[in-house]
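# Survey of secondary and tertiary structure
Chain residues, written in single-letter form:
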Amino acid sequence: ARIPLAVKVGGLLGSPIHSAAEAGQQTIDLFKIIGTPVENYPMDEQWLRSVGEESYRRAYDPAGKLRQQAALLGSADRRKALAKLKIPALIIHGDADSMFRLAGGIATAKAIPGAKLVVLKGIGHGAFPRQVWPIMIDEICEVIERGSEA
């Protein structure tokens, strides 16, 4: 039987971590579950480990993680509020994201007037592979330029 994604992620993140090294390993383990499939792009474990370790050293806050998870689970439909935005907006979404379906990215882009949606083929949730960084940087620069012209 296939274990649901929420159970896998909850089991991993439910375990307390006590060191930067544990945080680095947890980051790698998390993105093996939710990140870009390795058959699409190789996983940069060294980079993920360093991000996890630095995040732990900078601001490890177990209660903060719980607040974020509770806010995600308890949040209401945001479309009416998003429709009121009058800013340049860019939604970057991977079509292999197992945490948030592509339909959510599309709905977000439709809800924000003038938003641009960029779908990255073969990309999972967060920790985008370096190979797509140039695309993302170009798109971010474009939205910044649109903002400075407004």
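Along each chain, residue indices are assigned from 1 in the same order as the chain's sequence is written. Per-residue local features of the predicted model are confined to residues with pLDDT of at least 70, and side-chain atom pairs are confined, for both listing and counting, to 80 or more; whole-chain, interface and lining totals are unaffected and use all residues. Remark: hydrogens and water are excluded; side-chain values derive from all non-hydrogen atoms of the structure.

### Quick notes on the overall build of the protein chain
Each helix is a run of DSSP H or I of at least 4 residues and each strand a run of E of at least 2, with the numbering of both proceeding from the N terminus. Scanning the protein chain for helices and strands turns up seven helices and two strands. Listed by position from the N terminus, the elements making up the protein chain come as α-α-α-α-α-β-α-β-α. For the protein chain, the spread of C-alpha atoms along the three principal axes comes to 45 × 40 × 35 Å. Accessibility here uses a 1.4 Å probe with only protein chains present; expressed as a share of the type maximum, an area under 20% marks a residue as buried, one over 50% as exposed, and anything in between as partly exposed. Scored against the burial criterion, the 150 residues of the protein chain give a buried share of 27%. What makes two residues a contact is simply this: any of their non-hydrogen atoms within 4.5 Å. For the protein chain, the share of sequence-separated contacts (at least 6 apart) that also reach a separation of at least 24 residues comes to 72%. In short, Shrake-Rupley with a 1.4 Å probe defines the accessible areas, and a residue's cover is counted only from the protein chains shown. Carbon together with sulfur atoms contributes 60% to the accessible area of the protein chain, which is approximately 9,800 Å² in total. Charged side chains of the protein chain number 19 positive and 16 negative; the gap between the two group centres comes to 9 Å. We treat Lys and Arg as the positive residues and Asp and Glu as the negative residues; His and chain ends play no part in the count. Taken as the charge centre is NZ of Lys, CZ of Arg, CG of Asp or CD of Glu, depending on the residue.

### Thoughts on the nonpolar core
Ranked by size, the top nonpolar core spans eight residues in total: Val9, Leu12, Leu13, Ile28, Leu30, Phe31, Ile34 and Leu48. Mapped by element, the contributors of at least two residues to this core are α1 (5-13) and α2 (20-34). Here this core gets four residues from one element, more than from any other, and that element is α2. Apart from residues lying up to four places away in sequence, Phe31 is in contact with Met43, Leu48, His125, Gly126 and Ala127. Joining through side-chain atoms within 4.5 Å is the link that ties buried Ala, Val, Leu, Ile, Met, Phe, Trp, Tyr and Cys residues into a set, and such a set is a nonpolar core.

### Topic: the packing of aromatic side chains
Whether two aromatic rings pair depends on their centres lying within 6.5 Å, for rings of Phe, Tyr and Trp, where Trp uses its six-membered ring; planes under 30 degrees apart make the pair stacked, over 60 edge-to-face, and the rest tilted. By the definition in use, this model includes two aromatic pairs. With centroids separated by 5.6 Å and ring planes inclined at 65°, the aromatic side chains of Trp47 and Trp133 adopt a geometry described as edge-to-face. With a gap of 86 residues between them, Trp47 in helix α3 (residues 45-59) and Trp133 in helix α7 (residues 133-149) connect regions that are remote in the sequence. With 4.8 Å between their ring centres and 35° between their planes, Tyr56 and Tyr60 make a pair best called tilted. By relative accessible area, Tyr60 is classed as partly exposed at 31%.

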